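# Residue-level structural notes
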Amino acid sequence: MTVGAHGSTLGAGVSVGYDISRSFSVRAMANYFSFDRKESSAGNRYSVDVQLLSLGLLGDWHPFQNGFRVTAGVLYNGNKFTFASRTSDFGAGDESYSGDLKAELGFNAIAPYLGIGWTSGRADGPGFSFFADAGVIYQGAPKLSVSGRAEVGGSSCSFSVSESGRATVRGDCSDQAALSADLEKEHADLKGQLDNFKFYPVVMLGVTYRF
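Residues numbered from 1 in each chain as written. Predicted model: local features only at pLDDT ≥ 70, side-chain atom pairs only at ≥ 80, totals over all residues. Heavy atoms only, no water.

### As for the overall build of the protein
Within the protein, the regular secondary structure consists of 1 helix and 14 strands. Taken over C-alpha atoms, the radius of gyration comes to 22 Å for the protein, far larger than the 17 Å a tight globule of 211 residues would show. Each principal axis of the C-alpha atoms in the protein carries an extent, and together these give about 75 × 25 × 25 Å. Counting the 211 residues in the protein, one finds 40% classified as buried. Taking the contacts inside the protein whose residues are at least 6 apart along the sequence as the reference set, 59% of them involve residues at least 24 apart. Accessible surface computed for the protein: about 10,800 Å², of which carbon and sulfur atoms make up 60%. (Helix = DSSP H or I, 4+ residues; strand = E, 2+ residues; numbered from the N terminus. Rg over C-alpha atoms; globule rule 2.2 N^0.38 Å. Buried < 20%, exposed > 50% of the residue type's maximum accessible area, 1.4 Å probe, protein only. Contact = heavy atoms within 4.5 Å. Areas by Shrake-Rupley, 256 points an atom, 1.4 Å probe, with all protein chains shown as cover.)

Put into structure tokens, the structure is as follows:
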């Protein structure tokens, strides 16, 4: 049995593992990390809040009965990104609006993982070992939802755009149809860029103790 700690592109984490045989082992792990940064996309400037949260169950196959392994498994993917506009106006479609905007980006809750890795001293009995993993998770096309407020014709409207890209505008502002069309166009443009991120690379380095 092993316990370990690691850092990775999924965040900081801990793991528990068990060797079923010299060729097969299983691991359970938990990862978490959060940070804020500033970002730009499609001409808009945002503050970005990133939360990385995942739980994984992995199976390792050691084809040469040494430290090298091929890994497959599944993760609960709670990773989430929140974007908030950093200016008093924002672009939507081909227009610029006064107001504020907040966007949330999520992913499939269940994400399969495939990778390879190495653990030092696997056959040496109890003690500390170092390990490394490299692989990829399939998280699906990102799910984007948007909400905010816009000033149109001297009046204020609140709005929301669903994950499917449909805009809903509430309030007394003029030309709600034009605002809805611009919001839906902006959502489609952003969604087209984000669809390239269906796969998330995983690089992991850590240390374990084997009992």
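After that view, the rundown keeps rolling.
### Focus: the pattern of salt bridges
Side chains that differ in sign of charge can pair as their charged atoms come close. Within this structure, the stated rule accounts for 10 salt bridges. Salt-bridge contacts for Lys185 lead to Asp94; the nearest nitrogen and oxygen are separated by 3.9 Å. One end of the pair, Lys185, is in helix H1 (residues 176-194); the other, Asp94, is in the loop between strand E7 (89-92) and strand E8 (95-106), and 91 residues separate them in sequence. Residue classification places Lys185 among the partly exposed residues on the basis of a relative accessible area of 37%. Residue classification places Asp94 among the exposed residues on the basis of a relative accessible area of 65%. Each of Arg27, Asp60, Arg69 and Asp133 takes part in one network of salt bridges that share partners. (Salt bridge = Lys/Arg side-chain N within 4 Å of Asp/Glu carboxyl O.)

### Side note on the packing of aromatic side chains
Tallied over the full model, the rule gives 8 aromatic pairs. Ring centres of Phe64 and Phe68 lie 6.0 Å apart, and the angle between their planes is 35°; this geometry places the pair in the tilted category. Note on Phe64: relative accessible area 59%, which makes it exposed. Centre to centre, the rings of Tyr209 and Phe211 are 5.0 Å apart; their planes meet at 75°, and the pair counts as edge-to-face. (Phe/Tyr/Trp six-rings, centres within 6.5 Å; stacked < 30°, edge-to-face > 60°.)

### Quick notes on the state of the cysteines
By the definition in use, this model includes 1 disulfide. Covalently, Cys157 is tied to Cys173 through a disulfide, its sulfur atoms 1.6 Å apart. In this structure, the disulfide formed by Cys157 and Cys173 twists by about -110° around the S-S bond and is classed as left-handed. Taken together, the residues span a long stretch of sequence, with Cys157 in strand E12 (residues 155-161) and Cys173 in the loop between strand E13 (167-171) and H1 at a distance of 16 residues. Residue class for Cys157 comes out buried when judged on its relative accessible area of 0%. (Disulfide = S-S within 2.5 Å.)

### Examining the side chain of Ser129
Assignment of secondary structure puts Ser129 in strand E10 (residues 127-138). Within polar-contact distance, the side chain of Ser129 engages the backbone oxygen of Ser120 at 2.8 Å. (Polar contact = N/O pair within 3.5 Å; in protein donor to acceptor, adjacent residues only side chain to side chain.)

### Regarding H1
A rise of 1.5 Å per residue sets the reference length of H1, with its 19 residues, at 27 Å; its end C-alpha atoms lie 27 Å apart and thus fit the reference within 8%. Of all the residues in H1, the buried ones are Leu179, Ser180, Asp182, Leu183, Glu186, His187, Leu190 and Leu194. Here the buried residues of H1 occupy an arc of 165° about the axis, which is enough to place them on one side. (Expected span 1.5 Å × (residues − 1). Arc of directions from axis to C-beta.)

### Considering the nonpolar core
With 27 residues, the main nonpolar core has Phe90, Phe159, Leu179 and Leu183 as its most contacted residues. Setting aside residues no more than four positions away along its own chain, Leu179 makes contact with Tyr97, Ala150, Val152, Cys157 and Val169. Within the second largest apolar cluster, 11 residues are counted, among which are Leu10, Met29, Tyr200 and Met204. (Core = buried A, V, L, I, M, F, W, Y, C linked by side-chain atoms within 4.5 Å.)

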